[in-house]
Each structure stands twice: as structure tokens, then as C-alpha cells.
Amino acid sequence: MDLHNSSLRDFDVRKMQPQPDTRPHYILRRYAEFTCALLICSQASFRCIDPRLQRCLSKQQAEIENFLNRLAGQMASPVQKLVCFINNYDLILTIFEERATFDSKEKSSFWESQQRRINEYVDLMLRPHFGDLIAFVNECEPLIEQGHKQLLTSYSGARFHFNRVGTIVRSFSVNWKRSVDAVNREIVYSFTNFKNGTNILQPPNGYEEKEAHPVFCYCDRPTAVLLFGNNRTSKHDGDSATTGIAPIWKFQCVFQAAFTQIVQYYHRFSKVLSHEVFAENAVLKELVNIHHIMVELKKYKPVY
């Protein structure tokens, strides 16, 4: 186990050929398969996981997280970095869900990490399109909770020399459909591999596994443990017809998280405007009905 960890720790991602991209990396697949094998063997003994094994798994997880951080650090933009994280967490979780169907500390940890990255990605996608509305909600909600009525009044004009509420409402009414369509295109573009699925889990071009290669260890020393050979069967091999099933579900998770966030922010926006401070603002008549937004969003539901 130490050889695996040291091999991963010492590997320089800057020297990888071909250069890493946002697709799931084969090292993460090997890690997930290796970890599942250990967890399944432990589960088969009908005992609680041995503390020594748990310590080894925790160290191994820490090393793979560090590797993924270095891998994502090679991406050119924050969006690509988050897509890289989400894709690789998806790969790990898909293997865990298929093979180690029972709950484990590792599965829970990776799921939480993926959800955090999805939320960061969604926030990054929405702000260029709905940034003013989001900022308004985040600024006004604490003022309402603390009863700062005078400060809320300033959002209707005096402080900003224009009716900020009116500007946001009218801008949203005019642009929200176009913005939703743009968000949809950006997600589909970022996670194209989640849609077609057939090549998502293949090793990068130019990579060929050598016979009896360690699970995810780059170490060439003969003492390295060999758990999987070239003839292993996996739903994640590129020639499998079922490769895309789970990734499509993950694509829908990202998609639904983005549109759920839009609806939630607009609901909070409407709730803020229901405060007595904004009751006399004529622009409230121009608010888009939230049910109309939800009906429109359903048109973007992926169908496969």
C-alpha cells in the first residue's frame, strides 16, 4: 500500500502525456477498483472493517485527493477545473455504486466532495446571467431578518440613484429565457461526455496498459501489489455498451442542480419583494410568475 501511495505522491502531473483534460482519468478508475476490492473483501468477513485497513484506506484517499487537486490544477480556467473534479468524482462514485453497494466512509466522503464541486460549478454558471438578482437576494435577506427597514428602503432608489428593484425585475423579465438557454448550452458543452457516455471512461489517447500493470501505481519495483490484470471485466472499459448509464444520471444531477438553483433564487427574490418596503413599487406587476418559469425549465429536461 505504501508503494502505491508513494508512487502517486511522487508523480509529476506536469509531465503527463498526453496532457490531462477534464475527462475522468484512468488512475482514478484504478484507485476506485482497488478500494472496492479491499472493501468487498472486508465485507465478506462479516466483521467491521479492521482499524488498520481503515487507516490505510484513509491514507490512500488523501493521496488520491491530492493527486486530483494537482490534476485539476492543470486546467486552464476555474470552470474546467470544476468540471475535472466533477467528472472524476463521478467515475469513483459510479464504480463504488456498482461494486461496493454498501455504505462506506469513502463513498460518503466522495459524494460530499462531488456535491460541493457541483454547487460551486452551478454558482459559477449562474452568476454571469443572474448575478444581480443573486446579489440582491443575498444582500436583502439579512437586512429583513435584522429589521433594517431604512436600509431596505435605499434599494428602491435613493442610495443607488435608480430603482434597483425595477432594473433587476425588468432585466429578468426580458432576459431570463435567453439566460436559461445559455446555461443549458454551457452545461451540455461542459459535460458532453455525460451525454454520449461511450468514451467517458476510456484511458486517454496514447495510453496502453502494460501486462500485469499495478492497479494505479506507477512504481516499477517488483514488490508492487498486482490486483488486476488486463483481462478484468469492467463496465467502465471503453468497449462496454453500458458505459454511459450512470454518467448520464450524473449529467442530469448537474443540470437539475443548476435549474433548481434558479427557481430557488427567484422564489427568494419574490419573497424579499413581498416585504412592506417594496409593497408600493409599481414594478412588482412585471414579475414573472414562478410557475411559468418552472414550466419553461421542464422543456430542457434531458431525454435519452
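Provided above is the structure to which this section pertains.
Note that the structure is predicted; figures quoted are calculated from it, not measured. (Residues numbered from 1 in each chain as written. Predicted model: local features only at pLDDT ≥ 70, side-chain atom pairs only at ≥ 80, totals over all residues. Heavy atoms only, no water.)

**Q** Give a description of the packing of aromatic side chains that names residues and reports values.
**A** For the structure shown, the criterion picks out 11 aromatic pairs. Between F130 and F172, the aromatic rings sit 5.9 Å apart at their centres with planes inclined by 50°, giving tilted as the arrangement. Highlighted residues: F130 in helix α5 (residues 105-146) and F172 in helix α7 (residues 164-190), separated in sequence by 42 residues. The pair F130 / F172 is uniform in exposure class, with both members buried. Linked through ring pairs, F130, F136, F172, W176, Y266, F269 and F278 together constitute an aromatic cluster. (Phe/Tyr/Trp six-rings, centres within 6.5 Å; stacked < 30°, edge-to-face > 60°. Helix = DSSP H or I, 4+ residues; strand = E, 2+ residues; numbered from the N terminus. Buried < 20%, exposed > 50% of the residue type's maximum accessible area, 1.4 Å probe, protein only.)

**Q** Before we move on, can you summarise the side chain of E65 with the specific residues and values?
**A** Along the chain, the position of E65 falls in helix α3 (residues 51-72). The side chain of E65 sits in the buried core without any salt bridge; R116 is the nearest counter-charge, 6.3 Å away. Of the polar contacts made by the side chain of E65, one reaches the side chain of Y89; its length is 2.8 Å. Setting aside its immediate chain neighbours within four residues, E65 contacts Y89, F110 and S113. (Lys, Arg positive; Asp, Glu negative; His and termini not counted. Salt bridge = Lys/Arg side-chain N within 4 Å of Asp/Glu carboxyl O. Polar contact = N/O pair within 3.5 Å; in protein donor to acceptor, adjacent residues only side chain to side chain. Contact = heavy atoms within 4.5 Å.)

**Q** Outline the nonpolar core, listing residues and values.
**A** Residues Y121, F130, F136, F259, F269 and F278 are the most contacted members of the largest nonpolar core, which totals 44 residues. Counting only elements with at least two residues in this core, the list comes to α4 (78-99), α5, α7, α9 (245-273) and α10 (290-298). Per-element tally for this core: the top contributor is α5, with 12 residues. Among the nonpolar cores identified, the runner-up in size contains 30 residues, and Y31, L39, Y89 and A100 belong to it. (Core = buried A, V, L, I, M, F, W, Y, C linked by side-chain atoms within 4.5 Å.)

**Q** Could you give me a rundown of the packing of α5 against α7, with the residues and numbers involved?
**A** One way to put it is that α5 packs onto α7 with a least axis distance of 9 Å and a crossing angle of 165°. For the element pair α5 / α7, the angle class is roughly antiparallel. Helix-helix and strand crossings are classified by hand; for α5 and α7 the assignment is left-handed. Mapping the contact onto sequence places Y121, M125, L126, H129, F130, D132, L133, A135, F136 and E139 in α5 and R164, V165, I168, F172, W176, S179, V180, A182, V183, E186, I187 and S190 in α7. (Axes fitted to C-alpha atoms, helices over the stretch in contact; angles between N-to-C directions. Parallel < 35°, antiparallel > 145°, perpendicular 65-115°, else oblique. Left-handed = near helix turned anticlockwise from the far one by under 90°.)

**Q** Would you mind going over the environment of D132 in detail, with residue names and values included?
**A** Topologically, D132 is positioned in helix α5. Residue D132 is classed as exposed on the basis of its relative accessible area of 59%. The spacing of D132 and V165 is 33 residues in sequence and 9.9 Å in space, taken between C-alpha atoms. In contact with D132, not counting residues within four places along its chain, are R164 and I168.

**Q** Explain the packing of α4 against α5 to me, and be specific about the residues and the numbers.
**A** At a closest axis distance of 9 Å, the pairing of α4 and α5 adopts a crossing angle of 150°. Accordingly, the angle class assigned to the pair α4 and α5 is roughly antiparallel. Crossing geometry of α4 relative to α5 is assigned as left-handed. Here P78, V79, L82, V83, F85, I86, Y89, D90, I92, L93, F96 and E97 of α4 come into contact with α5, specifically with E106, K107, F110, W111, S113, Q114, R117, I118, E120, Y121, L124 and M125. A per-class count over the contact of α4 with α5 returns 16 nonpolar, two polar and six charged. (Nonpolar A, V, L, I, M, F, W, Y, C, P; charged D, E, K, R; others polar.)

**Q** Give a description of the environment of E65 that names residues and reports values.
**A** Assessed through its relative accessible area of 16%, E65 is described here as buried. Taking the C-alpha atoms as reference, E65 lies 9.4 Å from F110; in sequence the two are 45 residues apart.

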